[in-house]
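# An overview of the molecular structure
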Amino acid sequence: MVKAKSEGKRWIDVVLFRHVYSDADFDITSRDLVVRGDSYKLSKIKQLQIRKLSVKDNLVRLASIVFALSAATWAFVPQFGFLALVASSFIALLSFKKYELRAEFRGCDETGDQWVSLVRCCTKNEYSTLKEIYSSVQPKL
C-alpha cells in the first residue's frame, strides 16, 4: 500500500513537471551553498529564512505570470490574447508551492540587500529537508 502511494506521488510530480528536492540536491561547503548545481557564496548571504507561502503569495505570483505572458501576446498577436491569458493562468496554477527557502544577499551597490528565493517546494518531506539545510548553513553565516 505504501508503495502505491509513493508511485502516485511520482506520477503527480511528473504531471506537474516537478522534481522533488532531497538531501542529495544540496551541498554545503565552507564557502558555498550549492542547490542543484546553482552555487551561492556564503560570504554574500546575510541571512536565510524558511517561509510558509500563503495563498496571497501564490496569487501575487499567479497574477505576475499571467499579466507578463498575456500582455506580451496582447501587444503583438491580439487575436491570441485570451488564449494566452487562459494558458498562462493554467501554467501559474501548476506552480503553486507551500514552502520557500530564501536568502538575503548583501547589496554590493546602491540597490541594497535583496531577498532571493533559492528553493520552492510542496511536501512535508521537502520542508523537513529545508529545515535541515537551514540548520546546517545558519552557523556558517
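Our subject is the structure that appears above.
Residues numbered from 1 in each chain as written. Predicted model: local features only at pLDDT ≥ 70, side-chain atom pairs only at ≥ 80, totals over all residues. Heavy atoms only, no water.

## Considerations on the packing of aromatic side chains
On inspection of all chains with the given rule, the structure shows three aromatic pairs. On the basis of an interplanar angle of 45 degrees and a centroid distance of 6.0 Å, the ring pair of Tyr40 and Phe105 is categorised as tilted. Taken together, the residues Tyr40 in strand β3 (residues 38-41) and Phe105 in strand β5 (residues 99-105) connect sequence positions 65 residues apart. Using a relative accessible area of 17% as the deciding quantity, one classes Tyr40 as buried. The exposure class of Phe105 is buried, given its relative accessible area of 15%. Sitting over the face of the ring of Trp115, Arg102 holds its NZ or CZ atom 4.3 Å from the ring centroid. (Phe/Tyr/Trp six-rings, centres within 6.5 Å; stacked < 30°, edge-to-face > 60°. Helix = DSSP H or I, 4+ residues; strand = E, 2+ residues; numbered from the N terminus. Buried < 20%, exposed > 50% of the residue type's maximum accessible area, 1.4 Å probe, protein only. Lys NZ or Arg CZ within 6 Å of the ring centre and 35° of its normal.)

## Some points on the sheet that holds strand β6 (residues 114-121)
Working definition: the strands of a sheet are paired by backbone hydrogen bonds and lie parallel or antiparallel to each other. In spatial order, the strands read β4-β5-β6; together these three strands make up an open sheet with antiparallel pairing. Taken across any chain shown, the strands that pair with only one partner, and hence form the sheet edges, are β4 (45-52) and β6. Strand after strand, the sheet turns through a mean of 20 degrees between neighbouring axes, direction not considered. Taken together, the seven bridges between β4 and β5 define a ladder with antiparallel strand orientation. Considered in β5, the bridge of Ile50 is made with Leu101. Packed onto the sheet, helix α4 (residues 124-137) meets β4, β5 and β6 and runs at close to 160 degrees relative to β4. (Pairing = 2+ DSSP bridges. Axes fitted to C-alpha atoms, helices over the stretch in contact; angles between N-to-C directions. Contact = heavy atoms within 4.5 Å.)

## Points about helix α3 (residues 81-94)
Over its 14 residues, α3 runs 20 Å from end to end, which matches the ideal 20 Å to within 8%, given 1.5 Å per residue. Residues of α3 that are buried sit in contact with α2 (55-76). (Expected span 1.5 Å × (residues − 1).)

## Topic: the sheet that holds β3
Spatially, β1-β2-β3 is the arrangement adopted by the three strands of the open sheet, whose pairing is antiparallel. A strand with exactly one partner marks an edge of an open sheet, and here the two such strands are β1 (26-28) and β3. On average, each strand axis in the sheet is inclined to that of its neighbour by 15 degrees, with strand direction left out of account. Where strand β2 (residues 32-35) and β3 come together, four bridges link them in antiparallel fashion. Looking at the pairing, Asp32 lines up with Lys41 of β3. Across the face of the sheet, α4 comes into contact with β1 and β2 while running at roughly 10 degrees to β1.

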